[in-house]
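Residues per chain, in single letters:
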Amino acid sequence: MSTTTPTDTTPPLRVGVIGLGFAGTTHLDAYTALPGVEVIALAGQETDRLHELADSRGVPNRYADWQDLVARDDLDIVSIGVPNALHHPIAVAALESGKHVFCEKPLATTGDQAQEMVDAAVRNDRVLEVAYNHRRRADVQFLSDHLAQRDADGNGPLGHVYHARASWLRRAGIPGIRSWFANKETAGGGPLIDLGSHVLDIALHLLGEPRVVTASAVAYDELGSAGRGGSDRDPVSAATGRPFDVEDFANALLRFEDGSSLQLQASWASYSKDVEDIEVELLGSIGGARLFVRDYATEGTVTLYSDEQGVPTVTRPGVRVPAGHHQRVIEEFLTAVRSGDHAGHHGEFALHRSRVVDAIYASAAAGREMEVVA
Ligand SMILES: NC(=O)c1ccc[n+]([C@@H]2O[C@H](COP(=O)([O-])OP(=O)(O)OC[C@H]3O[C@@H](n4cnc5c(N)ncnc54)[C@H](O)[C@@H]3O)[C@@H](O)[C@H]2O)c1
């Protein structure tokens with residue numbers, strides 16, 4: 001495991017994938033398409049789907065429960081695509097037994113659990129990578145490259161970025177009103193932890209990883225527990241019989257150390273959108289930038305704002321967004337695993353996002369601004 005690119009003589013990395021829904025299937029297909037990797041084990045509780053997926057992708061070992069997969073001593077990697085509350089026990093068990101871990105977002109249901117996962121990765125010198133796949137969109141990468149440009153005096157194209165807005169808002173997209181997604185114990189929260197963590201990640205990534213110090217938030221459940229706002233895109237493990245006891249809309253004002261700020265909104269359902277909008281907007285002293293993705297659009301999503309000789313200008317660069325964001329983040333994960341140098345790949349970025357989500361929920365519950373645990 002000392003080279004970054006697999007060669008014919010490098011033994012393949014052996015992977016076990018846990019989960020058979022959108023996430024697990026996407027992981028499975030990403031590894032299957034990549035050289036130098038072999039998925040040798042698959043786990044999930046839907047028996048027919050387990051065998052169907054394993055047969056079609058040539059996976060020899062199948063398990064109903066994650067513990068039996070993680071107990072194998074011939075795996076290099078465990079890939080986690082299961083309900084959020086299981087991320088922590090699976091990742092800690094895998095890391096403590098010497099495996100690298102690729103984990104779905106959010107890293108955990110609480111910041112304390114996320115900290116334990118990072119500690120286990122550091123202690124065992126294993127890679128812990130989190131599937132923040134949307135930051136690998138080509139339009140986000142375009143904006144990231146644009147913001148990195150500097151003039152002769154070292155100034156960026158937007159000047160001082162003092163405020164940002166990030167939102168992921170759905171018209172009717174609760175992923176299974178009675179599924180694990182909509183239950184606090186199994187998911188940790190609603191659209192904020194589910195969708196909000198993605199746009200929080202994009203915003204922090206574009207802003208250069210500033211530290212969030214406080215959160216002032218509100219959260220509401222006006223539709224979900226009344227049975228409105230369900231989606232036709234149910235997860236694989238849909239009916240748990242558990243109550244809907246999370247928010248369906250959340251809104252937070254986050255303050256950074258330097259006094260700049262970010263407004264973060266997430267909803268699974270609200271009477272405000274035709275479909276589903278993802279938006280990240282940066283307001284700078286000499287320019288602005290906007291990512292606006294309507295209903296998973298794959299072009300026309302970037303707009304830049306500035307002045308030319310005192311006249312406001314609007315530029316729409318023609319960025320196309322090919323699919324395959326998960327595959328790209330998994331490729332980066334495998335590169336980190338193969339490099340043998342795991343510093344900075346222990347889940348640290350994802351831990352800060354979990355601490356921010358904690359502070360948002362605590363603020364909404366307390367009705368006042370809360371500090372983010374450093
Ligand atoms: N990054 C993304 O774009 C993205 C998209 C969708 C979901 N996700 C994340 O992926 C994770 C899973 O979401 P999903 O939509 O695939 O869910 P899902 O409900 O469709 O699938 C969950 C899977 O977990 C399995 N599972 C549950 N308990 C298990 C156990 N004890 N042992 C083994 N397997 C078990 C189920 O059998 C099922 O196959 C969540 O954390 C979610 O937030 C991320």
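Residues numbered from 1 in each chain as written. Predicted model: local features only at pLDDT ≥ 70, side-chain atom pairs only at ≥ 80, totals over all residues. Heavy atoms only, no water.

Where an unreviewed UniProt entry is consulted, the protein appears under the name Dehydrogenase, with the organism given as Curtobacterium luteum.

A. Spotlight on the site of the ligand. The environment of the ligand is made up of 29 residues, and the closest members are E46, N84, N133, V236 and S237. Here an oxygen atom of the ligand sits 2.8 Å away from a polar atom, N or O, in the main chain of L20. Separating a nitrogen atom of the ligand from a side-chain N or O atom of N133 is a distance of 2.8 Å. Alone, the ligand offers 850 Å² of accessible surface; in the complex the protein occludes 92% of this. In the shell around the ligand, the residues fall into 14 nonpolar, 11 polar and 4 charged. (Near = heavy atom within 4 Å. Polar contact = N/O pair within 3.5 Å; in protein donor to acceptor, adjacent residues only side chain to side chain. Areas by Shrake-Rupley, 256 points an atom, 1.4 Å probe, with all protein chains shown as cover. Nonpolar A, V, L, I, M, F, W, Y, C, P; charged D, E, K, R; others polar.)

B. How the structure looks around the packing of aromatic side chains. With the rule as written, the count across this model stands at 5 aromatic pairs. Arranged with centres 6.4 Å apart and planes meeting at 20 degrees, the rings of Y220 and F249 form a pair that is stacked. Of this pair, Y220 sits in strand β8 (residues 212-220) while F249 sits in strand β9 (residues 249-256), and the two are 29 residues apart along the sequence. Its relative accessible area of 41% is what places Y220 among the partly exposed residues. Pairing F244 with W268 gives two aromatic rings, centres 6.4 Å apart and planes at 75 degrees, and the pair type is edge-to-face. Taken together, the positions of F244 in the loop between β8 and β9 and W268 in the loop between β10 (261-267) and β11 (276-284) put the pair 24 residues apart, joining distant regions of the chain. Summarising the burial analysis for this pair, F244 and W268 share the class buried. Its end group placed over the ring of Y361, K184 keeps NZ or CZ at 4.3 Å from the ring centre. (Phe/Tyr/Trp six-rings, centres within 6.5 Å; stacked < 30°, edge-to-face > 60°. Helix = DSSP H or I, 4+ residues; strand = E, 2+ residues; numbered from the N terminus. Buried < 20%, exposed > 50% of the residue type's maximum accessible area, 1.4 Å probe, protein only. Lys NZ or Arg CZ within 6 Å of the ring centre and 35° of its normal.)

C. The domain arrangement of the protein, seen in detail. The assigned domain composition of the protein is domain 1 (13-133) and domain 2 (138-320). Spacing between the C-alpha centres of domain 1 and domain 2 amounts to 27 Å. Taken together, the contact pairs 14 residues of domain 1 with 12 residues of domain 2. With both sides pooled, the region where domain 1 packs onto domain 2 buries about 1,000 Å², and carbon together with sulfur makes up 63% of that total. (Domains from an automatic or database assignment. Contact = heavy atoms within 4.5 Å. Buried area = accessible area lost by both parts, 1.4 Å probe.)

D. The packing of helix α1 (residues 22-33) against helix α2 (residues 47-57), seen in detail. Where α1 meets α2, the axes come as close as 11 Å, and the angle between the chain directions of the two elements is 10 degrees. The orientation of α1 with respect to α2, classified from their angle, is roughly parallel. Of α2, the residues touching α1 (which contributes T25, L28, D29 and T32) are R49, L53 and R57. In the contact of α1 with α2, the residues fall into 2 nonpolar, 2 polar and 3 charged. (Axes fitted to C-alpha atoms, helices over the stretch in contact; angles between N-to-C directions. Parallel < 35°, antiparallel > 145°, perpendicular 65-115°, else oblique.)

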